[in-house]
Amino acid sequence: MQLALPSAATLTQRLYQSLRDWIQEGKLGAGTALPSSRQLAHELGLGRNTVLGAIDRLAAEGFVETRRGAGVFVAEWRPEALTAAVSASGIAAPSLSARGRRILDFSGVLSDRYTAFAPGVPALDRFPRERWQRLLRRHRQRAPLEWHDYQHQGGVPALREALCDYLQLSRSVRCRPGQILITQGAQQGFELIARLLADAGEAAWVEEPGYGGAQSCFVAAGLDTVPLAVDEEGANVERVPRATPPPRLIYVTPSHQYPSGVTMTLPRRMALLDAARRHGAWIIEDDYDSEFRYASAPIASLQGLVDNAPVIYVGTFSKVLYPGLRLGYLVLPEALVDAFKRANARLHREGQYVAQAAVATFIAEGHFVRHVAKMRGLYRQRQAQLRRALAPAVARGLVLSAGQAGMHLVAELDSFELETELVSRGQEAGILLSPLSRYFLQPPGRPGLVLGYAGATETEIASAGRWLSDSWCQLRIRHGP
């Protein structure tokens, strides 16, 4: 008897797989007697224990059965029944739920490599990795035994204290360390807020255009996402139609609206706070990149504007340090702290205490502030490089956003056809372009491109920028003014 032995870890596994394949393919039909273990071992040049191990595994899984005094036989096996069951169940061609499809609508385009225009990507090549690795090693060696157990204290106390001092000084946030909950990124924070403070079917007002990551969290929680119009003064609650369902949550990026880049004015902020109190809603203030402001000091937070504001402040280290760190935080009103800590411990489990302790030291020793200042200067240079590369198109009418803060610019386009064609050309050229229309909840939105510049070198920005400028000029001639 000859068996083809596929490559695997051990001889026993290889023999088991070969016999199983023969049975499943029908080459060994039900009731067929297998050769004795001695005969198989002799024919295949294997040890008898190897053969017995393979047969024992087949018997345990029900492919063969031993009949006392008669030998080993192939068990009843009906592959056609399994095939029919799989086909009938639809497993071979799975379909997503309506909610799943909506989540993917907000996911954007994923790329295997960050390009010059990928939004939200920091300068990973300029992160002080050696210093960071030393801090990680230090805290890993000193980590107390309890850090290896399940945690429920809301994060490493040293990090919460360091964050509290930093947020009070730089962002005018009103808090104490105990109000800060460390999460595994801002996305986890959005999910906790949506699940703990709103029930399925309730409304979440979200900026239009806005951040797809937050929108997907609200959809995943079963909330009804309602667009909140954004203009040059920021989100405008007074433009919400009268028949709109009252909000349970209101999501905003007031310091640097994503993706338009505008800053919410003081009258708009006061109107937003008044609307939240009137509806009994919670405001989610996403302060994702306010450290990178070029023309002035960072804008004070909405959370710290008035006493007892109904605001949950959300921050992240993904833009300031690096996305793979997966650390974010919530600043919660006192009344919500205990519930959020217990829910976070139950739903997600706390972790990364070594990394949290390293971040705390990174802040306490002044590395954080110096890194932010260095990156602010670098991103200013990279934005200037992008503007130089796009200057020929701007001279012919391309409109770019002001770029007073952040890590991206928005290029306004005249038509959706132009947007679609540029994105398609970019794919062919290996350049990822993010269409502005994808940031709108309700089509058609507004045509444009969201152009990230922070995560690419100036050489890459210059090359991609020249390509975009040339492509825009060519297509503008074709499409007309």
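As the structure is a computational prediction, the values presented were derived from the model and not from experiment.

**Student:** Requested: an account of the overall build of the protein chain, with residues and values cited.
**Tutor:** Each helix and strand in the protein chain was counted, giving 16 helices and 14 strands. The C-alpha atoms of the protein chain give 29 Å as radius of gyration, which overshoots the globular expectation for 481 residues (23 Å, by more than 25%). Across its three principal directions, the C-alpha atoms of the protein chain cover 90 × 60 × 55 Å. Expressed as a percentage of contacts within the protein chain between residues at least 6 apart in sequence, the contacts between residues at least 24 apart total 74%. Summing over all exposed atoms, the protein chain offers an accessible surface of approximately 23100 Å²; the carbon and sulfur share of this is 51%. Side-chain charges in the protein chain split into 54 positive and 46 negative, and the spacing between the mean points of these groups amounts to 5 Å.

**Student:** Go over the packing of helix H6 (residues 129-142) against helix H12 (residues 353-364) with me, naming the residues and quoting the values.
**Tutor:** For any two helices packed against each other, one specifies the inter-axial angle together with the distance between the axes. It is at 9 Å that the axes of H6 and H12 come closest, and there the two elements cross at 125 degrees. Considering their axes alone, H6 and H12 lie oblique with respect to each other. Where H6 crosses over H12, the handedness of that crossing is right-handed. Across the interface between the two elements, Trp132, Leu135, Leu136, Arg138, His139 and Arg140 from H6 touch Val354, Ala355, Ala357, Ala358, Val359, Thr361 and Phe362 from H12. Class assignment for the residues of the contact of H6 with H12 results in nine nonpolar, two polar and two charged.

**Student:** Run through the state of the cysteines, naming residues and quoting values.
**Tutor:** By definition, a disulfide links the sulfur atoms of two cysteine residues through a covalent bond. For the structure on display, the rule yields zero disulfides. No disulfide involves Cys175; its sulfur sits 3.6 Å from the nearest other cysteine sulfur, which is in Cys164. Judged by relative accessible area, Cys175 falls into the buried class, the value being 11%.

**Student:** Give me the lowdown on the nonpolar core, citing residues and values where you can.
**Tutor:** Grouped together as the largest cluster of nonpolar side chains are 65 residues, with contacts concentrated most on Phe317 and Tyr379. With seven residues, H12 is the single largest residue contributor to this core.

**Student:** Talk me through empty space enclosed by the protein; I want residue IDs and the actual numbers.
**Tutor:** A full pass over the atoms with the stated rule returns three cavities of 30 Å³ or more. What the largest cavity holds in volume is close to 70 Å³. Around the largest cavity, the lining is made up of 14 residues, and of these Ile182, Thr183, Gln184, Gly351 and Gln356 lie nearest the centre. Partitioned by chemical class, the residues of the lining of the largest cavity number three nonpolar, nine polar and two charged. When its volume is computed, the second largest cavity comes out at roughly 50 Å³. If you go around the second largest cavity, the residues you meet are Arg171, Asp287, Tyr288, Ser290, Glu291, Tyr313, Gly315, Thr316, Val320 and Tyr329. Within the lining of the second largest cavity, the residues separate by chemical class into four nonpolar, three polar and three charged.

**Student:** How would you summarise helix H8 (residues 186-197) if you had to cite specific residues and measurements?
**Tutor:** In this model H8 runs 16 Å from its N-terminal to its C-terminal C-alpha over 12 residues, within 8% of the 16 Å that 1.5 Å per residue would give. Taken together, the buried positions of H8 are Ala186, Gln188, Gly189, Phe190, Leu192, Ile193, Ala194 and Leu197.

**Student:** How would you summarise a positive patch on the surface if you had to cite specific residues and measurements?
**Tutor:** Judged by side-chain charge, Arg131, Arg134, Arg137, Arg140, Arg370 and Lys374 come together as a positively charged surface patch. Of all the secondary structure elements, the ones that give two or more residues to the positive patch are H6 and helix H13 (367-389). Counting residues per element, the positive patch draws most heavily on H6, at four residues. Considering the arrangement of structural elements, one finds Arg140 in helix H6.

**Student:** Any details on the pairing of strand S8 (residues 282-286)? Residues and values, ideally.
**Tutor:** Most of S8 sits out of view: five of its five residues are buried. With burial as the criterion, each face of S8 is covered, one bearing Trp282, Ile284 and Asp286 and the other bearing Ile283 and Glu285. Where strand S7 (residues 247-252) meets S8, four bridges bridge the pair, whose relative direction is parallel. From the neighbouring strand, Ile250 faces S8, where its bridge partner is Ile283. The β-α-β motif built from S7, the intervening helix H10 (residues 266-279) and the parallel element S8 has right-handed crossover chirality.

**Student:** Can you break down the sheet that holds strand S11 (residues 399-400) residue by residue, with the values?
**Tutor:** Sheet strands associate in pairs through backbone hydrogen bonding, adopting either a parallel or an antiparallel arrangement. The strand order across the open sheet formed by four strands is S11-S12-S14-S13, and the pairing between neighbours is antiparallel. Looking at strand neighbours, the two that pair on one side only are S11 and strand S13 (434-435), the edges of this open sheet. Where S11 meets strand S12 (residues 408-412), two bridges bridge the pair, whose relative direction is antiparallel. If you follow Val399 over to S12, its bridge partner there is Glu412.

**Student:** Outline the layout of surface pockets, listing residues and values.
**Tutor:** Considering only enclosed or pocket space, the second largest pocket measures out at about 390 Å³ in volume. Lining the second largest pocket are 23 residues, and of these Ser260, Gly261, Val262, Ser401 and Ala402 lie nearest its centre. Those elements giving two or more residues to the lining of the second largest pocket turn out to be strand S5 (224-231), S11 and S12. Here the lining of the second largest pocket takes three residues from S12, the largest share from any one element. Here the residues of the lining of the second largest pocket are counted per class, giving 10 nonpolar, eight polar and five charged.

Each value, and the rule that gives it
Residues numbered from 1 in each chain as written. Predicted model: local features only at pLDDT ≥ 70, side-chain atom pairs only at ≥ 80, totals over all residues. Heavy atoms only, no water. Helix = DSSP H or I, 4+ residues; strand = E, 2+ residues; numbered from the N terminus. Rg over C-alpha atoms; globule rule 2.2 N^0.38 Å. Contact = heavy atoms within 4.5 Å. Areas by Shrake-Rupley, 256 points an atom, 1.4 Å probe, with all protein chains shown as cover. Lys, Arg positive; Asp, Glu negative; His and termini not counted. Charge placed at Lys NZ, Arg CZ, Asp CG, Glu CD. Axes fitted to C-alpha atoms, helices over the stretch in contact; angles between N-to-C directions. Parallel < 35°, antiparallel > 145°, perpendicular 65-115°, else oblique. Left-handed = near helix turned anticlockwise from the far one by under 90°. Nonpolar A, V, L, I, M, F, W, Y, C, P; charged D, E, K, R; others polar. Disulfide = S-S within 2.5 Å. Buried < 20%, exposed > 50% of the residue type's maximum accessible area, 1.4 Å probe, protein only. Core = buried A, V, L, I, M, F, W, Y, C linked by side-chain atoms within 4.5 Å. 1 Å grid on protein atoms, 1.4 Å probe; cavity = no way out; pocket = protein on both sides within 12 Å on 5 of 7 lines; lining within 4 Å. Points joined across faces, edges and corners; volume = space filled by probe spheres on them. Expected span 1.5 Å × (residues − 1). Patch = residues over 30% accessible without salt bridge, like charges linked within 9 Å, V, L, I, M, F, W, Y side chains within 5 Å. Salt bridge = Lys/Arg side-chain N within 4 Å of Asp/Glu carboxyl O. Pairing = 2+ DSSP bridges. Right-handed = clockwise from strand over helix to strand, strands pointing away.

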